[in-house]
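A structural walkthrough
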There are 2 protein chains.
Amino acid sequence: MQNINSYVQEHKDRFIDELLALLKIPSISADSAYEKDVIKTAQEIKNSLENAGCDKVEICETPGYPIVYGEKIIDKKLPTVLVYGHYDVQPPDPLDLWDSPPFEPVIKPTDIHPEGAIFARGSCDDKGQMYMHVKALELMTKTDQLPCNVKFMIEGEEEVGSKSLGWFVERNQEKLANDVILISDTGMIAKDVPSITTGLRGLSYVEVEVTGPNRDLHSGLYGGAVANPINVLTKMIASLHDENNHITIPGFYDKVEELSKEERAEMAKAPFSIEAYKNALAINDVYGEEGYTTNERNSIRPTLDVNGIWGGYTGEGAKTVIASKAYAKISMRLVPNQDWEEITELFAKHFESIAPEAVTVKVTPHHGGQGYVTPIDNIGYQAASKAYQDTFGTTPIPQRSGGSIPIVSLFEKELKSKTILMGFGLNSDAIHSPNEHFGVWNYLKGIETIPLFYKYFTELSQ
Amino acid sequence: MQNINSYVQEHKDRFIDELLALLKIPSISADSAYEKDVIKTAQEIKNSLENAGCDKVEICETPGYPIVYGEKIIDKKLPTVLVYGHYDVQPPDPLDLWDSPPFEPVIKPTDIHPEGAIFARGSCDDKGQMYMHVKALELMTKTDQLPCNVKFMIEGEEEVGSKSLGWFVERNQEKLANDVILISDTGMIAKDVPSITTGLRGLSYVEVEVTGPNRDLHSGLYGGAVANPINVLTKMIASLHDENNHITIPGFYDKVEELSKEERAEMAKAPFSIEAYKNALAINDVYGEEGYTTNERNSIRPTLDVNGIWGGYTGEGAKTVIASKAYAKISMRLVPNQDWEEITELFAKHFESIAPEAVTVKVTPHHGGQGYVTPIDNIGYQAASKAYQDTFGTTPIPQRSGGSIPIVSLFEKELKSKTILMGFGLNSDAIHSPNEHFGVWNYLKGIETIPLFYKYFTELSQ
């Protein structure tokens, strides 16, 4: 393919400015206060797809936030790539830990990104990585090198569980028909160690509420005689892991695939320094399930984490109160074969069963999704591998990710096609955290690599 | 004593109106946003003491909120009663559980208070009960029946641990010299079952902070591999009670007095219905230390309760995050002989010792106080008992309270005098809770009973 690099060099300042503009809109799907901004972002995506050369772009209404659909069909006989991404972002709190406001993007160099990184919520997850595909399409159309058909489906509810996506996909099978699905919403091992994510963990996210007395009580007059919902909640949550950090929910591990010695040895080849890992997080020690390495604990093993907990008096000073209620948000990361709805039921059944008589418990499922694996002999995987070899000069490593993109297994079920996860972010990019950022080098490298995927996928499809 | 009842009947509407005005000022000592209101309340107390007949009233500055001092000395040879109370109140949250705004007092009848109850934060604890003493003084001076000397010491930091009171008492031993200390900041068993509190629990209040990674993390990428501070905090708190709800802190029970069979039998005589207790709180079962009754659990036994807990994402929707920090406010109620500073040290030492390597823990003591017991052969107790017999027509029951008034043991140490706790509130008055209230009948009954305490105490002192 000609002049990819020169086109990127020529237009890179504009590519960056367009992304910065997109990052200024606080499209926080979890907080209804930002509804207008989420909608506005969808409109901006529509405009950008039209400018990039799509023939047809539409904002598709759903029961939730709209999905932006765009397409450029050059020849029905040629293969079709469906690009998925999301334009919504995680809530930015805690705000006080950001060095610069989350929705006022700034470019600063870091040790890992000497060429500069874009600091803003969504810079990597997923506005930045999604926008690489929009600019790659622009590059292919403007240089007249688009080798196949392309469709875009960009949603606005990924950070709250893609509530409406299933609804949309089921109703638009034909419109979304494709030969491969391409997503950049994952990371790679390092700038000089490209990787392709072949496995994802599933997710079950629930909220629990423990109710004791019908009102807040004076801890002196009632302390010791009445169940304290916070104390009870801590006991219940603590009991969900045993002394080896195995999860104690009956049936939880029944469908977990145990990897072979060989597979685990293969995984262990990925470069990893436990010291660097601990230093990066400023922790004295790692912590997790007995019998597994750190890289296994966060990829091939299921987990249970409390994502939020609250109850009683949390303000300034002291209040001697026994709260009426205590709450927690709990998420479980699942591995392929675990069914998220089944796990959610197992959790609810178990959690209710361990509550003492003196309290009542409510478990509310938030959302979830299945785990997923892509075989590396798939031509989509091979096309991606060749593309990386051209731009990085090295063969990418197949990698299992601990994260979840629940919709990948939905796509396989509804659209009967495999998904290729070409991630250009780094673990150090702090997605979902304060000071999220995305390297300018990674952003531009993505725009260079994606057109080559189209080229090789089209060739391998013949 | 003549016309006590007629004077109260004649002036009761004004007595109530004056209290309502006092309750409108949000004197929340725990929240610095209300500093002006706390100061304003002190000024109002000063005015009310002058109007009630004190010869000398002053607002005494302290390192914290001022203490209002007032006195009426009629004859140095006569005994002196020192009245203690506090003009600060607990924070009112959770606000949404109040039926009417906490600082807009309203009078409504309830099942227990058919004559009406005053609903407002502080109505019972302690503005209402403290103001009974101001009006009782007015009654005695205006009807020329004050039989002895009286001093008032009304503070503004009781709800945050009386931080400055010790400082003030140590520096004003002579000014505060007295023969007995009189406090109404406790309750009685029922309107037809008056009681005098002879024992109080001590208190140790701490805040704990658990820190894991140096920033919030994506629970997919790190979940299972890094210690989650919230999960760890729940495990640490849960471990503070064993399966019999005994507290597991080494040395915690060393100085706890075990009551004799006889004493426990005496206590058991107080009228109590476990069914009524459960119904009032809408709980299916009580919960507490194995081997003790409900009334023992909340009076003669020490406890450990979480008063507040927070960490991670607590907003709307879902956020898949592992928080960097988790926090809890924990209070321990102590019984006589347990030293609160020693217990605080034992807690800190133990809590730090049970933290896994993967996190760091900080324990910050908030405040505390010792437990206390008044012997019933004390003439102050006997004077109070006679006063109740006159106004209630029945002998009050000596009662151990689960609550803490740390300063009572401070007074004994610094001023060498015993404290008599004449409480007129009811457990159902919801102090420290939404919809705190105080029965109009109880308020007026207090104003009638207090002058009789002065009469009998003066007689018994001769």
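Residues numbered from 1 in each chain as written. Chains lettered and ligands numbered in written order. Predicted model: local features only at pLDDT ≥ 70, side-chain atom pairs only at ≥ 80, totals over all residues. Heavy atoms only, no water.

By the naming in an unreviewed UniProt entry, chain A is Acetylornithine deacetylase/Succinyl-diaminopimelate desuccinylase, taken from Aquimarina spongiae.

Now for the UniProt feature "domain: Peptidase M20 dimerisation" (unreviewed entry) in chain A. Per the UniProt record, "domain: Peptidase M20 dimerisation" (unreviewed entry) is annotated on residues 199-357 of chain A. Along residues 199-357 of chain A one finds 30% helix and 23% strand; the C-alpha atoms at either end are 42 Å apart. (UniProt positions renumbered as here; feature names shortened; annotations may be inferred. Helix = DSSP H or I, 4+ residues; strand = E, 2+ residues; numbered from the N terminus.)

Residues and elements named next belong to chain A. Considered domain by domain, chain A is made up of domain 1 (4-200 + 371-461) and domain 2 (202-256 + 302-369). Placing the centre of domain 1 and that of domain 2 at their C-alpha centroids yields a distance of 35 Å. In this complex, domain 1 contributes eleven residues to the contact, which on the side of domain 2 involves seven residues. Around 680 Å² of area is buried between domain 1 and domain 2 when both sides are counted, 57% of it from carbon and sulfur atoms. If you sort the residues of domain 1 by the area they bury against domain 2, G371, S404 and P406 come out on top, with a joint share of 53%. At the boundary of domain 1 and domain 2, one finds zero salt bridges. At the surface where domain 1 touches domain 2, the tally comes to zero residue pairs in polar contact (both at pLDDT 80 or more). For the side of domain 1 that touches domain 2, the class distribution of residues is five nonpolar, five polar and one charged. (Domains from an automatic or database assignment. Contact = heavy atoms within 4.5 Å. Buried area = accessible area lost by both parts, 1.4 Å probe. Salt bridge = Lys/Arg side-chain N within 4 Å of Asp/Glu carboxyl O. Polar contact = N/O pair within 3.5 Å; in protein donor to acceptor, adjacent residues only side chain to side chain. Nonpolar A, V, L, I, M, F, W, Y, C, P; charged D, E, K, R; others polar.)

What follows covers the sheet that holds strand β18 (residues 437-439) of chain A. Residue and element names in this part refer to chain A. One open sheet holds the three strands; their spatial order is β4-β5-β18, and the pairing between them is antiparallel. Edge strands, defined here as strands with exactly one partner in the open sheet, are β4 (106-108) and β18. Shown here is a sheet whose adjacent strand axes are inclined to one another by a mean of 30 degrees, direction ignored. With three bridges joining them, strand β5 (residues 117-119) and β18 adopt antiparallel strand pairing. Following the sheet pairing, A117 is matched in β18 by G439. Helix α1 (residues 4-23) rests against β4 and β5 of the sheet, and its axis sits at about 20 degrees to β5. Contacting β4, β5 and β18, helix α13 (residues 440-461) crosses the sheet at an angle of about 60 degrees to β18. (Pairing = 2+ DSSP bridges. Axes fitted to C-alpha atoms, helices over the stretch in contact; angles between N-to-C directions.)

Attention now goes to the interface of chain B and chain A. On the chain A side, the residues contacting the 89 residues of chain B number 89 residues. Here chain B meets chain A over a buried area of about 7800 Å², counting both sides, of which 53% is carbon and sulfur. The tally of links between chain B and chain A comes to zero salt bridges. In this structure, the connection of chain B to chain A is made through 47 residue pairs in polar contact (both at pLDDT 80 or more). With ten residues, strand β11 (residues 303-312) of chain B is the largest single contributor of residues to the side of chain B that touches chain A. Tallied by class, the residues present in the side of chain B that touches chain A amount to 36 nonpolar, 36 polar and 17 charged. Where strand β11 (residues 303-312) of chain A lies against β11 of chain B, five bridges are found, and the strand directions are antiparallel.

Overlaying chain B on chain A yields an RMSD of 0.1 Å, the required transformation being a rotation through 180 degrees with an accompanying axial translation of 0.0 Å. Taken together, the rotation angle and the small translation identify this as a two-fold axis. Interface overlap between copies: 100% of the residues of chain B at the interface are likewise at the interface in chain A, consistent with a symmetric, same-surface contact. (Least-squares fit on C-alpha atoms with pLDDT ≥ 70 in both.)

Residue and element names in this part refer to chain A. Taking burial as the measure, the ten residues of strand β9 (residues 202-211) include nine buried ones, the bulk of the element. As judged from the ten bridges shared by β9 and strand β13 (residues 325-334), these two strands associate in the antiparallel manner. Looking at β13, one finds that V210 is bridged to A326. Inspection of the sheet shows β9 paired to strand β14 (residues 360-369) by nine bridges, in the antiparallel sense. Pairing of V208 across the sheet is with V363, part of β14. (Buried < 20%, exposed > 50% of the residue type's maximum accessible area, 1.4 Å probe, protein only.)

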